[in-house]
Amino acid sequence: MNLTIKPLEGRYVRLEPITQDLRDELRGAIDCDPASWEIMSVNGCGEGFEDWWGALLGESDRGERVGFAIRRKSDGKIVGTSSYLNIRRLHKGLEIGSTFLHPDARSGPVNPESKRLLLGHAFDAGVIRVEFMIDVRNARSQAAVEKLGASKEGVLRSHKITWTGHVRDTAVFSITDFDWPGVKQRLEFRLSEDFV
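Residues numbered from 1 in each chain as written. Predicted model: local features only at pLDDT ≥ 70, side-chain atom pairs only at ≥ 80, totals over all residues. Heavy atoms only, no water.

Per the stated rule, a full pass over the model turns up six aromatic pairs. Ring geometry for phenylalanine 123 versus tryptophan 180: centroids 5.3 Å apart, planes at 20 degrees, classification stacked. Taken together, the residues phenylalanine 123 in helix α4 (residues 110–124) and tryptophan 180 in helix α6 (residues 180–194) connect sequence positions 57 residues apart. Neither phenylalanine 123 nor tryptophan 180 differs from the other in exposure class; each is buried. Taken together, the ring pairs connect Phe49, Trp52 and Trp53 into an aromatic cluster. (Phe/Tyr/Trp six-rings, centres within 6.5 Å; stacked < 30°, edge-to-face > 60°. Helix = DSSP H or I, 4+ residues; strand = E, 2+ residues; numbered from the N terminus. Buried < 20%, exposed > 50% of the residue type's maximum accessible area, 1.4 Å probe, protein only.)

If you want it as C-alpha cells, here you go:
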C-alpha cells in the first residue's frame, strides 16, 4: 500500500490535504449546524472547533489520519471536510469518515464526487478494504454510504463515547477491492447523469 498525500481533483470538487493555511476557511465551512454535530464523535462547531482541529492535526502527525478540505470548484469555497482514518498499512485498509458538509453542499455532486476521489485514490494505492463507521442515529450518512454501494456488515454495540457523553452504537459498512469496479462504475454513471 503506497498512500500518497496529494490534492485530488474532480469535475465538481478539489480535495486539498489539510494544512494550517486552510484553518480559517475550513472553520468557516464547518462551524455551523450544531444539530448535525450532536451525533459526531468530536464537536467541530463553536468552542469545539479548537478540540476538533487539534485532534485532526495530532492524528495526522501520527500517520493515523489524512484530512482533506473539500473545495467546491464552481465558486472556489471550502464546503466541508473528509478524512482517511485508522490507516492500516500492514493490512492494506483504512476508513473514510469524519465527513462534514456545510448544509448548502449536502445535495448535489459534492459528496458523491468526494467519495469517488477518496475511494479511487485509496484503491489505486493498493488498499483492499475501505470502511465507513457511522453512528446508528445518523440515518442520512448511512443512506449516502449505501447509495455508494457499500455493504452493511453489522453494528458494533457500545462502540464509542461521543463528545456529548452518548454511548454510541456504530454501523459498519465496507467496500473491498473486489467491489470497487462496480461501485466506481455506478458512481461515475451517477455523476454523469444526475448532475449534468
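Now for the UniProt feature "domain: N-acetyltransferase" (unreviewed entry) in the chain. When the UniProt feature table is mapped to this numbering, "domain: N-acetyltransferase" (unreviewed entry) covers residues 13–179. Between the end C-alpha atoms of residues 13–179 the distance is 24 Å, and the span holds 30% helix and 37% strand. (UniProt positions renumbered as here; feature names shortened; annotations may be inferred.)

The final tally for this structure, using the stated rule, is 19 salt bridges. For glutamate 25, the salt bridge is made with arginine 71, and the minimal N-O distance between the two is 2.9 Å. Within this pair, whereas glutamate 25 is found in helix α1 (residues 23–30), its partner arginine 71 is found in strand β3 (residues 65–72), the two being separated by 46 residues in sequence. On the accessibility criterion, glutamate 25 (38% relative accessible area) is partly exposed. For arginine 71, a relative accessible area of 16% corresponds to the buried category. Residue glutamate 188 is joined to arginine 116 by a salt bridge in which the shortest nitrogen-to-oxygen separation is 2.9 Å. Of this pair, glutamate 188 sits in helix α6 while arginine 116 sits in helix α4, and the two are 72 residues apart along the sequence. For glutamate 188, a relative accessible area of 37% gives the class partly exposed. (Salt bridge = Lys/Arg side-chain N within 4 Å of Asp/Glu carboxyl O.)

Strand order in this open sheet of eight strands is β1-β2-β3-β4-β5-β6-β8-β7, and the pairing throughout is mixed. Of all strands in the sheet, those with a lone pairing partner are β1 (8–9) and β7 (151–161), marking the two edges. Pairing of β1 with strand β2 (residues 13–17), which is carried by two bridges, proceeds in the antiparallel orientation. Of the residues in β2, the one forming a bridge with glutamate 9 is arginine 14. Contacting β3 and β4 (78–88), helix α3 (residues 49–61) runs over the sheet at an angle of about 125 degrees to β3. Lying on the sheet, helix α5 (residues 139–148) is in contact with β6 (129–135), β7 and β8 (167–176); it crosses β6 at an angle near 155 degrees. (Pairing = 2+ DSSP bridges. Contact = heavy atoms within 4.5 Å. Axes fitted to C-alpha atoms, helices over the stretch in contact; angles between N-to-C directions.)

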